[in-house]
Amino acid sequence: MRKLMIAVVAAGATLLPVPAAHAGPGCSAAYEAYDSSTQRGLGSSTCPSYVQRVKVTCYDMMVGAVYTVYGPLVGPGQVSTQPCDTFGQAIGATFSYT
């Protein structure tokens, strides 16, 4: 599953795996803290047996605020991806079943 998630983000990006509490078997989430070429962080998640979407916690480096963005709901085995807003650094990612 990790190879599929890496293909979603920019080449050479470092994804940080995130352990998820109460995760379904094989579910995973990861994030790229910040990509200077896009000026934002990015989160991705996948789950082989459940409909889910990524939930990314971001930090706005301009105003110092923490906020949350959600990716699209996707079917089992698909990858949900969502970037932070411009100048937003991803500080965490998990998945949500709703």
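Nothing here was measured: the structure is a model prediction, and the numbers come from that model. All residue numbers refer to positions counted from 1 along the written sequence of the respective chain. Residue-level local features of this predicted model are given only where pLDDT is at least 70; pairs of side-chain atoms are given and counted only at 80 or more, and the full residue set underlies all totals for whole chains, interfaces and linings. Excluding hydrogens and water, the side-chain values take into account all heavy atoms of the structure.

Student: Help me out: how do you make sense of the packing of aromatic side chains in this one?
Tutor: Geometry of an aromatic ring pair is reported as the spacing of the ring centres plus the angle between the planes. Centre distance within 6.5 Å is the pairing criterion for rings of Phe, Tyr and Trp, where only the six-membered ring of Trp is used; planes under 30 degrees apart are then read as stacked, over 60 as edge-to-face, and the remainder as tilted. Here the structure, examined in full by the defined rule, presents 2 aromatic pairs. Grouping aromatic residues by their ring pairs yields a cluster made of Tyr50, Phe95 and Tyr97.

Student: Would you explain a nonpolar patch on the surface in this entry?
Tutor: The grouping of Met61, Met62, Val63 and Phe87 at the surface amounts to a nonpolar patch, some 410 Å² of accessible area in total. Relative to the assigned elements, Val63 resides in the loop between strand S4 (53-60) and strand S5 (65-70). Residue burial is assigned from relative accessible area. The probe radius is 1.4 Å, only protein chains are included, and a residue is buried under 20% of its type maximum, exposed over 50%, and partly exposed in between. A residue is classified by how much of its surface remains accessible, and Val63, at 64% relative accessible area, is exposed. A patch consists of residues exposed above 30% relative accessible area that lack any salt bridge, with like charges linked at up to 9 Å and nonpolar side chains (Val, Leu, Ile, Met, Phe, Trp, Tyr) linked at up to 5 Å. Per-residue and other accessible areas follow the Shrake-Rupley method at a 1.4 Å probe size, with only the shown protein chains counted as cover for residues. A carboxyl oxygen of Asp or Glu within 4 Å of a side-chain nitrogen of Lys or Arg is what we treat as a salt bridge. Helix and strand labels come from DSSP, where a helix needs a run of H or I of at least four residues and a strand needs a run of E of at least two; each type is numbered from the N terminus.

Student: Explanation requested: the environment of Cys58 in the structure shown.
Tutor: Here Cys58 is to be found in strand S4. On the accessibility criterion, Cys58 (0% relative accessible area) is buried. When the C-alpha atoms of Cys58 and Pro83 are compared, they prove to be 9.0 Å apart, with 25 residues separating the residues in sequence. The contact criterion used is simple: two residues touch if any of their non-hydrogen atoms lie within 4.5 Å. For Cys58, the residues in contact, after removing those within four places along its chain, are Ala65, Val66, Tyr67, Val69, Cys84, Gln89, Ala90 and Ile91.

Student: In this structure, what is going on with the state of the cysteines? I would like to understand it.
Tutor: Where two cysteines share a covalent bond between their sulfur atoms, that bond is called a disulfide. Note that a disulfide, as used here, is simply two cysteine sulfur atoms within 2.5 Å. Taken as a whole and assessed by the stated rule, the structure comprises 2 disulfides. One disulfide bridge connects Cys27 with Cys47, the sulfur atoms lying 1.8 Å from each other. Of the two residues, Cys27 is situated in the loop between strand S1 (16-18) and strand S2 (28-35) and Cys47 in the loop between strand S3 (40-46) and S4; the sequence distance between them amounts to 20 residues. Considered together, Cys27 and Cys47 belong to a single accessibility category, that of buried residues. Linked covalently through their sulfurs, Cys58 and Cys84 form a disulfide whose S-S length is 2.0 Å. Handedness here is read from the sign of the S-S torsion; for Cys58 and Cys84, about -85 degrees, the answer is left-handed. One end of the pair, Cys58, is in strand S4; the other, Cys84, is in the loop between strand S6 (79-83) and strand S7 (88-96), and 26 residues separate them in sequence. Looking at Cys84, the relative accessible area reads 1%, which means it is buried. Once the bonded cysteines of the protein are numbered in order along the sequence, the disulfide links fall as 1-2, 3-4.

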